[in-house]
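# Summary of structural features
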Amino acid sequence: MVSPNSPVTGEASPATPPAPVSHTLLPDVVIRLAGNSQDGIQSIGGFLARLAGRSEQEVMTFMTIPSTISGGPSIFQVRMGSGEILSAGDQADFLVAFYQHSYDAHINSLRAGGVLIYDSDHVTPNPDDKRFTHVGLAITSATIEAAGGTSKDKGKNIFVLGLIARIFDLNLDKLRKLIQERIGGKGDDAARAALMAFDAGYAHPVENLLGHLYRLTQGGPQQQDRPTVTTDGNTALTYGLLAAGVRYGAAYPITPWSSIMEVLRTELTRYGGLFIQAEDEIAAISHALGFAYGGHLAVTGSSGPGLSLKMEALGWAGMAELPLIVINVQRGGPSTGMPTNVEQSDLLQAIYGSHGDNPRVVLSPKNVEDCFYIALEAGRIALEYRTPVIILSDQAIATRIEAFEEPDLAKHMVTVKPDLTPRPADFKPYPFDGISRHAPPGTKMLSGKYPTVTGLEHDELGHPTGSPVLHAKMNAKRREKIKKLAASLPAPELYGDPEGDTLVVGWGCTYGPIREAVMRLRSGDAPMKLAHLHLRHLSPLPPGLAETFRRYRHIAVAEINDEGIYGYGQLAMLLRAACANPAIRSICKTDGLTYKIGEIIAGIKKISAGS
Amino acid sequence: MSNESSPTATVPAPVNLPLNKKALTADHPTWCPGCGDFAILNVYYRVLEKLQIPHENIVTFAGIGCSSRMPYFVNSHGGHYIHGRALPFAAAISLGRPDVKVFAFGGDGDGFSIGGNHLTHAARKNTNMTYVIMDNSVYGLTKKQTSPTSPVGFKSKTDPTGALDRPINPMRILLNSGATFVARSHAAQIAHMTDMLERAARHNGFAVVEILSECVEFFEGAFDGAVPRKGGKFETIELKKNDGTPEDALRHDPTDEVAAFKLAGLDWPGKFGVFYQHQRPTKNELEAGLVARAREKTKNASDLALMQGTFAKMR
Ligand SMILES: Cc1ncc(C[n+]2csc(CCOP(=O)(O)OP(=O)(O)O)c2C)c(N)n1
Ligand code: SF4
Ligand SMILES: [Mg+2]
């Protein structure tokens, strides 16, 4: 990329397709849009992500939304390209700054040699900063002119979309179709105004300022049977739940969980189900357990503080042995903490929260696509093992957009109905020699004896007992079913050298940055012998981890939580306890942001150097 | 809301084998001899015998407390949940399985203290179920601490010199919250209790009966003021017959909320009977209406077709 020395300000010109200019080919590009949330920054990002999805390109996004009600500074970063895109990129190649505060806050996220596009109506860049190509355009006034007076500067985002389309030679027909689809719903006028703003942006001869234009290299022919879909993690999780057979649920709103319950509240009515907005999180999990007792597959969900409120009832669910899916979209804690930032600090709460000995299942999706499949798995495990299953998602996965192959819905959809077949005379609600399978109400009991589902310690028939022997036996029964599940789990995904210097272990949203960091360190001049192991099953852990770990000199566990009093992050602590391997070390941070590849690389280097 | 078509729970279908006390009896109650809760259990059997709901469709749920042990003593589907949270659990059984008849039981601590917020919201939502509050004005199971209905001056282990905090007024709370059937009874009055519980069970909506039930162990004589044989007064609420007689003008109209509030404000021991009864759409009906409209819009599409439609929009 060329880097002219001084800022230049362009002038609007009539709509013309770019004259033949040279196109620089890029394998991938990171564009960061910085403005205010009310400017529709997210929607340009959404358009670009969707376009990439429809153009057989990989895409990954990252966004921040202000936690204040009235909006405020907001960014959307999109990385598009032809290779495998695993993270949203450490640094931006292009920065679009709508305001002075956007410029001030984000100029350092632009890599040296990158391109700064700024709205010259609002931004005055530092003229002495020679690191970047400065492209100043009067975005606000050009938008007002194009869209015609009354709408003020609404549509700035679409104007910029047009500009980006020109810079990267994006597919105009597909973009115009997307605008029609997405904005057309708000009326013909809205769509017309948006297209006018788009055309005005596209008509800008920005190549005169940039010196040239760009084009993303085309990906190879697609290796997939079904079309690409583009969506965020919360949406993928929501529809995963529906596919898993969840038809009932209840919750209380909290960011970033709320969007799941908002969609379920309406969607479930279309599927003949029901989602209740409860008076609090305790009522929510109680409703969900009532649905489960009724024979349905039910869900409740929340974010950190709400999961804490559900803990007593979770203990009951473990004791009474009812299936349930519990979602926790993690955010920065403790308390209200950093409600719109990412953190992975609820792992131990998810596994060990509540009281008493209470083994349960905890899963975590590695990316947006996996949100769909993890919900399916949670449903299957909950029903098969009659246990609560917690899905630990997080703010980053919940809100970012990715493109992935549409799931084979016909293959995956599950139907769950209450099983009301009469139970034989020897039916026991809590058998020692099998997994408890309750008879929902409405089921005839041929013995004439109707069962009680209970949180008191009980015998095989569900009668309360104070017997120490029975308590120990029942504890073992509840533990053994989770161990049985553990034995059935697949080996976790291992990428890289089968043995060697350092094994990097991650869970949840660290997947992309860890993979890219390991890929980089394994190539280049002095390749390291490294591997990446990503855990989707956090409780119980899959079998064979201790043996796998022994094949590496160092085990670096990267997670977004604090190193704690003993110097280890939450997963690292758990793995040290489970594998008794002193080579397990931690890479931790709590800055509220997803890992940068560079941060992981630095962590790996430090650990492999033995420091 | 379940996809099976099923009769609504309030109009019990007759069955061949009459359900009798023997079939409904389970474990021997573990309450202290003389505890008021025995009488409530017997009245529950009696009402179930009257209703003749198919045995498998009766659900008995409870929270935690002496009173909440009820489900173990009744041979029906049911369960023993956590302290104060039986209402949201039971409400979901009713909403998810409109084919069964849901009864919830609990104590004054369970219902008015730890579960107080759930009571308000269950009443407001008017979910179709019957809730019996077995009020002994003390914490029985945990052995004599002050409860939200303990009178000022009651000496408990947490208030050895006498309770300081003003007790709540159960009838007022229930009326305020929007319960659509609100009644009060006394465990020493079998016929009255039976009448109240039967009316509650036949009500379509959230029906609550508060029953004063003496804890002989920790609050002996708490309700003697309402026991005639101990010198008290058991005054019942005469309900309007709409027969045009002058006496009828003095009788209580249970749909009159203001009159109900007045009754609730009488000095202790007050009156016993139906304070309030009113029909408004239940949550069961309202949610079923949402589903019916949503299903109509989908033209009864299959789950798979709905899901495919959603994913097509994500392309
Ligand atoms: C979360 C929780 N807190 C406290 C308790 C202890 N506890 C059990 S029952 C109870 C009070 C019982 O009083 P009430 O609900 O009036 O029932 P009663 O025993 O009088 O019938 C308490 C405090 C508990 N089981 N769970
Ligand atoms: S302690 Fe009181 S409430 Fe509990 S069983 Fe005994 S008498 Fe009944
Ligand atoms: Mg009590």
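The present account deals with the structure reproduced in this document. Fair warning: this is a prediction, and the values are worked out from it, not measured in the lab.

## Comments concerning the overall build of chain B
From N to C terminus, chain B includes 12 helices and eight strands. C-alpha extents for chain B along the principal axes are approximately 75 × 50 × 45 Å. The proportion of buried residues among the 315 residues of chain B is 58%. The long-range share in chain B, meaning contacts at least 24 apart out of those at least 6 apart in sequence, stands at 68%. Carbon and sulfur atoms make up 54% of the accessible area of chain B, which totals about 13,200 Å².

## Observations regarding the packing of aromatic side chains
Under the criterion given, the structure shown has 22 aromatic pairs over all chains. Ring geometry for Tyr44(B) and Phe105(B): centres 4.8 Å apart, planes at 65°, overall edge-to-face. Of this pair, Tyr44(B) sits in helix H2 (residues 37-51) while Phe105(B) sits in strand S3 (residues 101-107), and the two are 61 residues apart along the sequence. For the residue pair Tyr44(B) and Phe105(B), the accessibility class agrees, reading buried in each case. Each residue in the set Tyr293(A), Trp316(A), Phe61(B), Tyr81(B) and Phe89(B) is aromatic and connected to the rest through ring pairs, giving one cluster.

## A short note on the coordination of the magnesium ion (ligand 3)
All names here are of chain B. Protein-derived ligands of the magnesium ion (ligand 3) are Asp-108 (OD), Asn-136 (OD1) and Val-138 (O), with the metal-ligand distances lying across 2.1 to 2.2 Å. On the primary sequence, the residues serving as donors to the magnesium ion (ligand 3) are separated as D-x27-N-x1-V. Judged by its relative accessible area of 11%, Asn-136 is buried.

## Some remarks on the pairing of strand S13 (residues 298-302) of chain A
Residue and element names in this part refer to chain A. In terms of burial, S13 is largely enclosed, as five of its five residues are buried. Of the two faces of S13, the one lined by Ala-298, Thr-300 and Ser-302 and the one lined by Val-299 and Gly-301 are each fully buried. Here four bridges tie strand S11 (residues 248-251) to S13, and the two strands are oriented parallel to one another. Directly across from Ala-251, in S13, lies its bridge partner Gly-301. By the bridge criterion, four bridges tie S13 to strand S14 (residues 324-330) in an arrangement that is parallel. If you follow Val-299 over to S14, its bridge partner there is Ile-325.

## Observations regarding the environment of Pro160(B)
All names here are of chain B. Relative to the helices and strands, Pro-160 resides in the loop between strand S4 (129-135) and helix H7 (170-177). Judged by its relative accessible area of 57%, Pro-160 falls in the exposed class. Expressed as a C-alpha distance, the spacing of Pro-160 and Pro-88, which sit 72 residues apart in the sequence, is 34 Å.

## Focus on the sheet that holds S14(A)
Residues and elements named next belong to chain A. Spatial strand order, S12-S11-S13-S14-S16-S15-S22: seven strands in an open sheet with mixed pairing. Each edge of the open sheet carries a strand with a single partner, namely strand S12 (274-277) and strand S22 (537-539). Adjacent strand axes in the sheet meet at a mean angle of 20°, parallel and antiparallel pairs treated alike. With seven bridges connecting them, S14 and strand S16 (residues 388-394) associate as parallel partners. The partner of Gln-330 across the bridge, within S16, is Asp-394.

## Here we look at unusual backbone geometry
In this structure, the amide linkage connecting Ser539(A) to the following residue, Pro540(A), adopts the cis form with an omega of -5°. Structurally, the position occupied by Pro540(A) is in the loop between S22 and helix H19 (545-550). Following Trp268(B), the chain continues to Pro269(B) via a peptide bond in cis, the omega torsion being 10°. Here Pro269(B) lies in the loop between helix H10 (257-264) and strand S8 (271-277). Not every positive phi belongs to a glycine, and Arg386(A) is a case in point at roughly 50°. Its place among the elements puts Arg386(A) in the loop between helix H14 (368-385) and S16. Under the relative-accessibility criterion, Arg386(A) is labelled buried at 19%. Here Lys299(B), not a glycine, exhibits a phi torsion of approximately 55°, which is positive.

About the cut-offs
Residues numbered from 1 in each chain as written. Chains lettered and ligands numbered in written order. Predicted model: local features only at pLDDT ≥ 70, side-chain atom pairs only at ≥ 80, totals over all residues. Heavy atoms only, no water. Helix = DSSP H or I, 4+ residues; strand = E, 2+ residues; numbered from the N terminus. Buried < 20%, exposed > 50% of the residue type's maximum accessible area, 1.4 Å probe, protein only. Contact = heavy atoms within 4.5 Å. Areas by Shrake-Rupley, 256 points an atom, 1.4 Å probe, with all protein chains shown as cover. Phe/Tyr/Trp six-rings, centres within 6.5 Å; stacked < 30°, edge-to-face > 60°. Donors = N, O, S within 2.8 Å, 3.2 Å for Na, K, Ca; no water. Pairing = 2+ DSSP bridges. Axes fitted to C-alpha atoms, helices over the stretch in contact; angles between N-to-C directions.

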